[in-house]
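# Residue-level structure breakdown
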Amino acid sequence: MLLRSVRDLVLGRRPRTLILAEKAVRYESLWRAQRSKDLLSRGDPFGAAAEALEIERIDPQNKIAPGLGMAASWTEAIRGRATNRLDHRDVADAQDQLRAEGHVRPVIMLYHQVSPESPFQPLLYRQAWAHGIAPIPLHDLADLPAAEAAIAPETARVLHLHWVNRILSPAADASDARRRIDVMTSTLDNILKDHWSIVWTVHNILPHDSLLPEEEAVLRQAIADRAALIHIMARSTIELAAPWFRIRPERSVHVPLPSFRGAYPDFIDRSAARFALGLEGDARVITVVGGLRPYKGLDILLDAFDVAVRDHPDLRLLIAGAPNRSPEITAFLERARAHPRVHLHARMVSSDDLQLYLRAADAAVLPYVRTLNSAFMKLALAFDLPVIAPDLGGIPEYVDPSVATVFPAGDVDALSAALGAVQTVSPAMVATARRISEAHDADLISGKLMAAIRRAIDDGVPITTDRT
């Protein structure tokens, strides 16, 4: 590298290191510009302005950043969209609105963790206000005291926990994890003393890539022991969790994942989507969309696709999603890029673009080797696609043989056979997918969960930390 730099200097060339650095800045600026636009479209001008400022910092001559900053400064924030800290005025305003709508005993429900990139939480809370419950995002548990001060004595208060994997993910080792568990347990005990009710939605048994499974189990038991209500989305959750932690059936309610039908833009047809992605009109296309992670079995998918494509050369595999930096995914990306019948889009998929990858396909595949619930399966059905899915977690509970093929997780031969058997989407498949989506309509699902939360609060479920 040093010799190359000296040679470039002697020959009057711009050093390669400088060229590479400028390219990196250019790519980061483009990424941040798109991020700024996305944040602005979601009603978060504060986040959009922050991205514009960062572009100006790394690239002072950038011509796009000033316009992005100006657009952000002219845009009013939409409450709940920005990722800033909880504002106690939101809590007070929510109580006033609930009273104005005729709810005698309002409920403030702070939910944590927050997932602003997904419509899951807005769908889950669609009927919350109708039940006298105001769902408000809580980005940091440290903001609970500010919320507490704004809640009137007659208002019920709920902390709704979602993904709890981030509590221990920063832990350096088991000792650090146990310290974090103690802090979280103390936090929960303190809010129980302040008459909060805890609701927990179980998204996974344990984190997909957990390095400290025993500590993760201890954390989940601590939450389960303190919860007034535990929301399970798959009936098998209690049984699957049993080797790790206990969920009391009498404290649980089964409410499935809501359908994502209508939650994303859907105005592109099959032909337009295929043209945009460079896919042949007569190919059979199988898609997988979402973050590229080791637990999703993507290497197994490529193994199975290699076998299937020998007898079915018209098959195409469409993969879209942001990769992580694990060695397994790095190896997968290299292999996928080299495959002539794999179309790889290794990037974050925007809400607007999601329809391209689903409408271009004939089927969706879930090659996962670990999972409990699958939002992608519900998403595929919302776009009228049949699914190829493993026999894991709650997946077999929601599939219909006419619109799904279930295979033994990790079985390359079974997955290969399922890939080869994919057919063009038929009217019967579309009708079945829509029937399943309608049965899990967000209004129905949300109403059932909100009613259960309301009952748990009004019935005054006793709380105990006894694990026996």
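Below: a short report on this structure. (Residues numbered from 1 in each chain as written. Predicted model: local features only at pLDDT ≥ 70, side-chain atom pairs only at ≥ 80, totals over all residues. Heavy atoms only, no water.)

### What about the packing of helix α2 (residues 16-41) against helix α3 (residues 45-58)?
Selection criterion: Only C-alpha atoms enter the line fits that serve as axes; for helices the fit covers just the stretch in contact. Angles between N-to-C directions range over 0 to 180 degrees. Numbering of helices and strands runs from the N terminus; a helix is a DSSP stretch of H or I covering at least four residues, while a strand is a stretch of E covering at least two. Every angle not falling under 35 degrees, over 145, or within 65 to 115 is termed oblique; those three ranges are roughly parallel, roughly antiparallel and roughly perpendicular. Here a crossing is called left-handed whenever its near helix is offset anticlockwise from the far helix by less than a right angle, and right-handed whenever the offset is clockwise. Any pair of residues with heavy atoms lying within 4.5 Å of one another is described as a contacting pair. Each residue gets one label: Ala, Val, Leu, Ile, Met, Phe, Trp, Tyr, Cys and Pro are nonpolar, Asp, Glu, Lys and Arg are charged, and the others, such as Gly, are polar.
Here α2 crosses α3 at 165°, and the two axes come no closer than 8 Å. By the angle class used here, α2 and α3 are roughly antiparallel. Between α2 and α3 the crossing geometry is left-handed. Residues Val 25, Glu 28, Ser 29, Arg 32, Ala 33, Arg 35, Ser 36, Leu 39 and Leu 40 of α2 touch α3, and the partners they reach there are Pro 45, Gly 47, Ala 48, Glu 51, Ala 52, Glu 54, Ile 55 and Ile 58. Class assignment of the residues belonging to the contact of α2 with α3 gives a composition of nine nonpolar, three polar and five charged.

### Let's talk about the sheet that holds strand β11 (residues 387-390)
Within a sheet, adjacent strands bond to each other through the backbone by hydrogen bonds, running parallel or antiparallel. This is how the line gets drawn: Strands qualify as paired when DSSP identifies two bridges or more between them.
With parallel pairing, the six strands of this open sheet are ordered in space as β9-β8-β7-β10-β11-β12. Looking at which strands have only one partner, the edges of the open sheet turn out to be β9 (342-345) and β12 (404-407). Here the strands of the sheet are splayed against their neighbours by 20° on average, with no regard to which way each runs. Taken together, the four bridges between strand β8 (residues 315-320) and β9 define a ladder with parallel strand orientation. By the bridge assignment, Leu 317 is partnered in β9 with Val 342.

### Things to note about the side chain of Thr 287
Under the convention used in this document: Any pair of N or O atoms that falls within 3.5 Å is considered a polar contact. Within protein, one atom must be able to donate a hydrogen and the other to accept it, and sequence-neighbouring residues count only if both atoms are side-chain atoms.
With respect to the secondary-structure elements, Thr 287 resides in strand β7 (residues 284-289). Within polar-contact distance, the side chain of Thr 287 engages the backbone oxygen of Leu 318 at 3.3 Å. Only 3.2 Å separates the side chain of Thr 287 from the backbone oxygen of Tyr 357, close enough to count as a polar contact. In contact with Thr 287, other than residues within four places in its own chain, are Leu 318, Tyr 357, Leu 358, Ala 361, Ala 363, Ala 364, Val 365, Phe 376 and Leu 385.

### Quick look at a nonpolar patch on the surface
Selection rule: Excluding any residue in a salt bridge, patches collect residues exceeding 30% relative accessible area, merging like charges within 9 Å and nonpolar Val, Leu, Ile, Met, Phe, Trp and Tyr side chains within 5 Å. To measure how exposed things are, a 1.4 Å probe is used in the Shrake-Rupley method; for residues, cover is taken only from the protein chains shown. For this analysis, a salt bridge means a side-chain nitrogen from Lys or Arg found within 4 Å of a carboxyl oxygen belonging to Asp or Glu.
Taken together, the side chains of Tyr 27, Leu 30 and Ile 64 define a hydrophobic patch exposed on the protein surface, amounting to about 320 Å² of accessible area. Its location among the elements puts Ile 64 in the loop between α3 and α4 (65-73).

### Digging into helix α18 (residues 442-458)
What counts here: Each residue after the first adds 1.5 Å to the expected span of a helix. Residue burial is assigned from relative accessible area. The probe radius is 1.4 Å, only protein chains are included, and a residue is buried under 20% of its type maximum, exposed over 50%, and partly exposed in between.
Spanning 17 residues, α18 covers 24 Å between terminal C-alpha atoms, matching the ideal 24 Å at 1.5 Å per step. Among the residues of α18, those classed as buried are Ala 442, Ile 445, Ser 446, Gly 447, Leu 449, Met 450, Ala 452, Ile 453, Arg 454, Ala 456 and Ile 457.

### Notes on helix α12 (residues 298-311)
Here α12 spans 21 Å end to end across 14 residues, near enough to the 20 Å set by a 1.5 Å rise per residue. Here α12 has its buried residues at Leu 298, Ile 300, Leu 301, Leu 302, Ala 304, Phe 305, Ala 308 and Val 309. Tucked into the core, α12 has its buried residues touching β7, β8, α13 (327-338), β9, β10 (363-365) and α16 (412-420).

### A short note on the nonpolar core
Applied cut-off: Put simply, a nonpolar core is a bunch of buried Ala, Val, Leu, Ile, Met, Phe, Trp, Tyr and Cys residues held in one set by side-chain atoms that sit within 4.5 Å of each other.
Grouped together as the largest cluster of nonpolar side chains are 90 residues, with contacts concentrated most on Phe 376, Leu 415, Leu 419 and Ile 453. Among all residues touching Phe 376, those that are not within four sequence positions of it are Thr 287, Val 288, Val 289, Leu 358, Ala 364, Val 365, Leu 366 and Tyr 368.

### What to know about empty space enclosed by the protein
Condition: Grid points spaced at 1 Å and placed over the protein atoms alone form the basis of the search, with a cavity being a set where a 1.4 Å probe fits but cannot get out and a pocket an open set showing protein on both sides within 12 Å along at least five of seven lines. Lining residues have an atom within 4 Å of a point. Grid points are joined across faces, edges and corners, and a volume is the space filled by probe spheres set on the points.
A complete count under the given rule lists one cavity of 30 Å³ or more for this structure. When its volume is computed, the largest cavity comes out at roughly 50 Å³. Along its surface, the largest cavity is lined by Met 233, Leu 257, Leu 372, Asn 373, Ser 374, Met 377, Lys 378, Gly 394, Ile 395 and Tyr 398. Of the residues that constitute the lining of the largest cavity, the class distribution is six nonpolar, three polar and one charged.

### Overview of the environment of Arg 293
Within the secondary structure layout, Arg 293 lies in the loop between β7 and α12. Taking the C-alpha atoms as reference, Arg 293 lies 6.6 Å from Pro 323; in sequence the two are 30 residues apart. Setting aside residues no more than four positions away along its own chain, Arg 293 makes contact with Leu 298, Ala 322, Pro 323, Asn 324 and Ile 329. At a separation of 3.0 Å, a polar atom in the side chain of Arg 293 contacts the main-chain carbonyl oxygen of Ala 322.

### Digging into the sheet that holds strand β4 (residues 196-202)
The sheet built from six strands is open, its strands ordered β2-β1-β3-β4-β5-β6 with parallel pairing. On the outer flanks of this sheet lie β2 (133-137) and β6 (252-254), each paired with one strand and no other. For this sheet the average axis-to-axis angle between neighbouring strands, irrespective of direction, equals 25°. Across three bridges, strand β5 (residues 229-232) lies against β6 in parallel orientation. Note that in β6 the partner of His 231 across the bridge is Val 253.

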